[in-house]
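One-letter residues, chain by chain:
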Amino acid sequence: VLFRSVSQSRYEGWALFALVGVLWGVPYLFMKVAVEELSTPVIVFSRLLIGAAVLVPLAIYEKTLRPALKYWRYIALYAVAEMVIPWTLITSAQKDLSSGVVALLVATVPIWATLFAHHTGDSTAAHRTRIFGIALGLIGIVFLVGIETLNDFGNMRALIQVLVASAAYAYAVNMITRKAPDTSGVAINGVAMALSTVIFAPFAITHLPSQAPSSEAILATIGLGVICTAIAFWVFFIVLKEIGAARASLVVYPNTAVAVMLGIFLLDEQLTLAIAIGLPMVLLGSYFASRKPSAPVIAG
């Protein structure tokens with residue numbers, strides 16, 4: 001019975017990990033539609049507003065909002081590091097970098113997460129198996145985005161912006177899981193999104209569209225808020241409890257793989273040799289980097 005319970009928990013963890021990979025691989029489709037008619041501040045604001053509107057009432061219903069509020073200082077820091085800083089820096093950097101290079105740089109999140117986890121006492125975070133998986137996954141990411149996009153690395157300012165954003169992502173998750181242990185992920189993200197909404201509101205107001213957006217743009221934005229923000233963050237924090245912050249951060253690898261495959265099948269993007277080689281490397285890298293080291297055998 002114990003073996004069955006452990007095995008079932010392991011499979012559930014992998015299933016949730018894969019689900020987050022899909023949920024955070026889908027936004028590229030929605031954003032491609034929404035960005036044609038709406039500005040980035042409006043899209044980000046709407047996404048946060050919808051996410052907060054879903055998660056805050058759910059936290060109230062679960063009676064987890066009040067216990068989470070005692071960690072409001074850490075949740076505010078999490079909101080800034082997980083939402084405000086990264087989304088602002090990445091949006092700015094995309095003016096000078098291709099989306100492929102941005103994706104490659106964001107894929108460094110597991111490296112930062114492993115370093116933060118090791119620094120805060122996780123002795124298994126930098127295990128050789130994980131380091132091998134991270135390296136393999138990064139090489140796969142390079143193939144996925146295409147070697148030709150590396151020419152964009154000449155823009156050092158934009159490169160540093162995305163690297164800072166990636167480090168902020170990793171820091172935010174590592175910090176909140178340590179400072180607010182056993183706190184509902186629904187409540188944490190609901191409060192964080194509400195705070196971030198207030199911060200983004202002035203920018204959204206000054207970038208409103210000059211005419212009413214189409215139903216396609218509206219539906220795409222709603223999809224970003226409900227599916228890729230509220231539901232995705234909810235599931236991601238369940239994954240955090242299952243496999244830990246360092247390994248959960250590896251979801252950026254299948255995210256990229258999912259985004260590439262959806263682009264091929266739904267957006268008629270080209271299947272290149274680089275993708276054919278890089279995609280399996282990404283998946284294998286995720287597997288090895290998310291493995292726990294075997295427990296040492298004690299003689300006698």
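Peer 1: Quick question: what am I supposed to make of the overall build of the protein here?
Peer 2: The helix and strand inventory of the protein stands at 14 helices and zero strands. Helices and strands appear in the protein in the N-to-C order α-α-α-α-α-α-α-α-α-α-α-α-α-α. Here the protein holds 300 residues, and the buried ones make up 48% of them. Contacts spanning at least 24 positions in sequence make up 91% of the contacts within the protein whose residues lie at least 6 apart. Roughly 15400 Å² of accessible area belongs to the protein as shown, and the carbon and sulfur atoms make up 67% of that amount.

Peer 1: For this particular structure, what's the right way to read the environment of A107?
Peer 2: Among the structural elements, A107 can be located in the loop between α6 (99–106) and α7 (109–119). Residues A107 and V142, spaced 35 residues apart in sequence, show a C-alpha to C-alpha distance of 9.7 Å. Contacts of A107, omitting those with residues within four sequence positions, involve L138, I141, V252 and Y253.

Peer 1: Whenever I open this one, the packing of aromatic side chains confuses me. Can you help?
Peer 2: Think of a pair of aromatic rings as described by two things: how far the centres are apart, and how the planes are tilted against each other in angle. A complete count under the given rule lists four aromatic pairs for this structure. Ring plane angle 70° and centroid distance 5.2 Å describe the contact between W24 and F233, whose orientation is recorded as edge-to-face. Here the residue W24 occupies a position in the loop between α1 (2–23) and α2 (27–34), and F233 occupies one in helix α11 (residues 215–243), the gap between them amounting to 209 residues. With respect to class, W24 is no different from F233; both count as buried. Residues W24 and F236 carry aromatic rings whose centres are separated by 5.1 Å and whose planes lie at 45° to one another, so their mutual orientation is tilted.

Peer 1: Looking at this structure, I do not really get a nonpolar patch on the surface. What am I missing?
Peer 2: On the surface, a cluster of nonpolar side chains totalling about 570 Å² of accessible area is made up of V80, I85, M156, I160, V164, I199 and F203. Residue assignment for the nonpolar patch shows that the elements contributing at least two residues are α5 (72–93), α9 (156–179) and α10 (185–205). Counting residues per element, the nonpolar patch draws most heavily on α9, which supplies three residues. Within the fold, F203 resides in helix α10.

Peer 1: What is the right way to read the packing of helix α3 (residues 40–61) against α10 from this model?
Peer 2: For any two helices packed against each other, one specifies the inter-axial angle together with the distance between the axes. At a closest axis distance of 7 Å, the pairing of α3 and α10 adopts a crossing angle of 150°. On the basis of the axis angle, α3 is roughly antiparallel to α10. Relative to α10, α3 is oriented so that their crossing is left-handed. A breakdown of the residues in the contact of α3 with α10 according to their chemical character gives 20 nonpolar, five polar and no charged.

Peer 1: Would you mind going over α3 with me for this structure?
Peer 2: Along an α-helix, residues three or four apart share an orientation, since each turn contains 3.6 residues. In this model α3 runs 32 Å from its N-terminal to its C-terminal C-alpha over 22 residues, within 8% of the 32 Å that 1.5 Å per residue would give. Among the residues of α3, those classed as buried are P41, V42, I43, V44, S46, R47, L48, G51, A52, L55 and A59. Against the buried residues of α3 lie α2, α4 (65–69), α5, α10 and α11. Just beyond α3, the residue with positive phi is K63, at close to 60°.

Peer 1: For this particular structure, what's the right way to read the packing of α10 against α11?
Peer 2: It is the contact of α10 with α11, at a shortest axis distance of 8 Å, that shows an interaxial angle of 140°. The angle between α10 and α11 places the two elements in the oblique class. For the element pair α10 and α11, the recorded crossing hand is right-handed. Residue-level inspection shows G185, V186, I188, N189 and M193 of α10 in contact with α11, the latter providing T229, F233, W234 and F237. Partitioned by chemical class, the residues of the contact of α10 with α11 number six nonpolar, three polar and no charged.

Peer 1: How do you make sense of the nonpolar core when you look at a structure like this?
Peer 2: When a protein is soluble and globular, its nonpolar side chains tend to lie buried together. Ranked by size, the top nonpolar core spans 66 residues in total, and within it I75, Y78, I176, F236 and Y253 carry the most contacts. Among all residues touching Y78, those that are not within four sequence positions of it are M83, A172, V173, M175, I176, I188, N189, A192, F233 and F237. Formed by nine residues, the second largest nonpolar core is a distinct cluster that contains V42, I43, A204 and L224.

Peer 1: Looking at this structure, I do not really get the confidence of the model for the protein. What am I missing?
Peer 2: Keep in mind that low pLDDT regions are not for reading the predicted coordinates in detail. Here the protein averages 79 in pLDDT, while 80% of its residues score no lower than 70. Contacts for the low-pLDDT stretch residues 1–8, under 50 throughout, to residues beyond four places or in other chains number zero contacts. Ignoring residues within four places in sequence, the model shows residues 295–300, a span with pLDDT below 50, making zero contacts including any to other chains.

Peer 1: Even after reading the chapter, I still don't get unusual backbone geometry, so can you show me in this structure?
Peer 2: As a rule of thumb, non-glycine residues mostly have phi less than zero, and peptide bonds are mostly trans rather than cis. At K63, a position not held by glycine, the phi torsion is positive, near 60°. On the secondary structure map, K63 appears in the loop between α3 and α4. Judged by relative accessible area, K63 falls into the exposed class, the value being 70%. One non-glycine residue, D182, lies in positive phi territory at about 60°. Checked against the element boundaries, D182 lands in the loop between α9 and α10.

Rules behind the numbers
Residues numbered from 1 in each chain as written. Predicted model: local features only at pLDDT ≥ 70, side-chain atom pairs only at ≥ 80, totals over all residues. Heavy atoms only, no water. Helix = DSSP H or I, 4+ residues; strand = E, 2+ residues; numbered from the N terminus. Buried < 20%, exposed > 50% of the residue type's maximum accessible area, 1.4 Å probe, protein only. Contact = heavy atoms within 4.5 Å. Areas by Shrake-Rupley, 256 points an atom, 1.4 Å probe, with all protein chains shown as cover. Phe/Tyr/Trp six-rings, centres within 6.5 Å; stacked < 30°, edge-to-face > 60°. Patch = residues over 30% accessible without salt bridge, like charges linked within 9 Å, V, L, I, M, F, W, Y side chains within 5 Å. Salt bridge = Lys/Arg side-chain N within 4 Å of Asp/Glu carboxyl O. Axes fitted to C-alpha atoms, helices over the stretch in contact; angles between N-to-C directions. Parallel < 35°, antiparallel > 145°, perpendicular 65-115°, else oblique. Left-handed = near helix turned anticlockwise from the far one by under 90°. Nonpolar A, V, L, I, M, F, W, Y, C, P; charged D, E, K, R; others polar. Expected span 1.5 Å × (residues − 1). Core = buried A, V, L, I, M, F, W, Y, C linked by side-chain atoms within 4.5 Å. pLDDT = per-residue confidence, 0-100.

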